[in-house]
Amino acid sequence: MTEENAQNPADLDEETLFMVSQTFKALSDPTRLRILHLLFHGEYSVNEIAENLSLLQSTVSHQLRFLKNLRLVKFRREGTTLFYSHDDEHVISLLNQAIEHSQHS
């Protein structure tokens, strides 16, 4: 971020602060991180996510609801099946940077 793009910290409104804190809350949970990382690579149904990550379907559904409410994932319906994908390139970029940082030696 360049100096000209930097905001004065006092300029952050309460709604922005809340949304940023909720985004970091979403990224602080290992299960949600695993789901977002998987969805970065493609579109999956709840069952496929559960199978790929060895999680219970109810756990996946609960975490997807949380992520959907923050607009971090989106879904499309095909018949009776919902297929989920990531919905925010900024958050995926942040996630990838955090992964790269943690793997940096």
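Residues numbered from 1 in each chain as written. Predicted model: local features only at pLDDT ≥ 70, side-chain atom pairs only at ≥ 80, totals over all residues. Heavy atoms only, no water.

Student: Account for the pattern of salt bridges, naming residues and giving values.
Tutor: Scanning all chains against the criterion turns up two salt bridges. Between arginine 76 and glutamate 43 there is a salt bridge, with the nearest N and O atoms lying 2.9 Å from each other. With a gap of 33 residues between them, arginine 76 in strand β2 (residues 73-78) and glutamate 43 in the loop between α2 (30-40) and β1 (44-45) connect regions that are remote in the sequence. Given the relative accessible area of 34%, glutamate 43 is considered partly exposed. Between arginine 76 and glutamate 78 there is a salt bridge; the shortest N-O distance is 2.9 Å. Classification of arginine 76 by relative accessible area gives partly exposed; the value is 34%. Because the salt bridges share partners, they merge into one network encompassing Glu43, Arg76 and Glu78. (Salt bridge = Lys/Arg side-chain N within 4 Å of Asp/Glu carboxyl O. Helix = DSSP H or I, 4+ residues; strand = E, 2+ residues; numbered from the N terminus. Buried < 20%, exposed > 50% of the residue type's maximum accessible area, 1.4 Å probe, protein only.)

Student: Can you lay out the packing of α2 against helix α3 (residues 46-53) for me, pointing to particular residues and giving the numbers?
Tutor: Taken N-terminus to C-terminus, the directions of α2 and α3 make an angle of 110°; their axes are 11 Å apart at the nearest point. Between α2 and α3, the angle falls in the class roughly perpendicular. Judged by the sense of rotation from one axis to the other, the crossing of α2 with α3 is right-handed. Residues Arg34, Ile35, Leu38 and Leu39 of α2 form the contact with α3, whose participating residues are Ile49, Asn52 and Leu53. Here the residues of the contact of α2 with α3 are counted per class, giving five nonpolar, one polar and one charged. (Axes fitted to C-alpha atoms, helices over the stretch in contact; angles between N-to-C directions. Parallel < 35°, antiparallel > 145°, perpendicular 65-115°, else oblique. Left-handed = near helix turned anticlockwise from the far one by under 90°. Contact = heavy atoms within 4.5 Å. Nonpolar A, V, L, I, M, F, W, Y, C, P; charged D, E, K, R; others polar.)

Student: Can you explain the layout of surface pockets? Please cite residues and give values.
Tutor: Its volume calculated, the largest pocket comes out at about 220 Å³. What lines the largest pocket is simply Met19, Val20, Thr23, Phe24, Leu70, Arg71, Leu72, Asp87, Asp88, His90, Val91 and Leu94. Breaking the lining of the largest pocket down by element, the ones donating at least two residues are α1 (14-27) and α5 (89-103). Here the lining of the largest pocket gets four residues from one element, more than from any other, and that element is α1. (1 Å grid on protein atoms, 1.4 Å probe; cavity = no way out; pocket = protein on both sides within 12 Å on 5 of 7 lines; lining within 4 Å. Points joined across faces, edges and corners; volume = space filled by probe spheres on them.)

Student: Tell me about the sheet that holds β1, and name the residues and values.
Tutor: One open sheet holds the three strands; their spatial order is β1-β3-β2, and the pairing between them is antiparallel. With one partner strand each, in any of the chains shown, β1 and β2 form the two edges of the open sheet. The sheet contact formed by β2 and strand β3 (residues 81-86) spans six bridges and is antiparallel. The residue of β3 that forms the bridge with arginine 76 is phenylalanine 83. (Pairing = 2+ DSSP bridges.)

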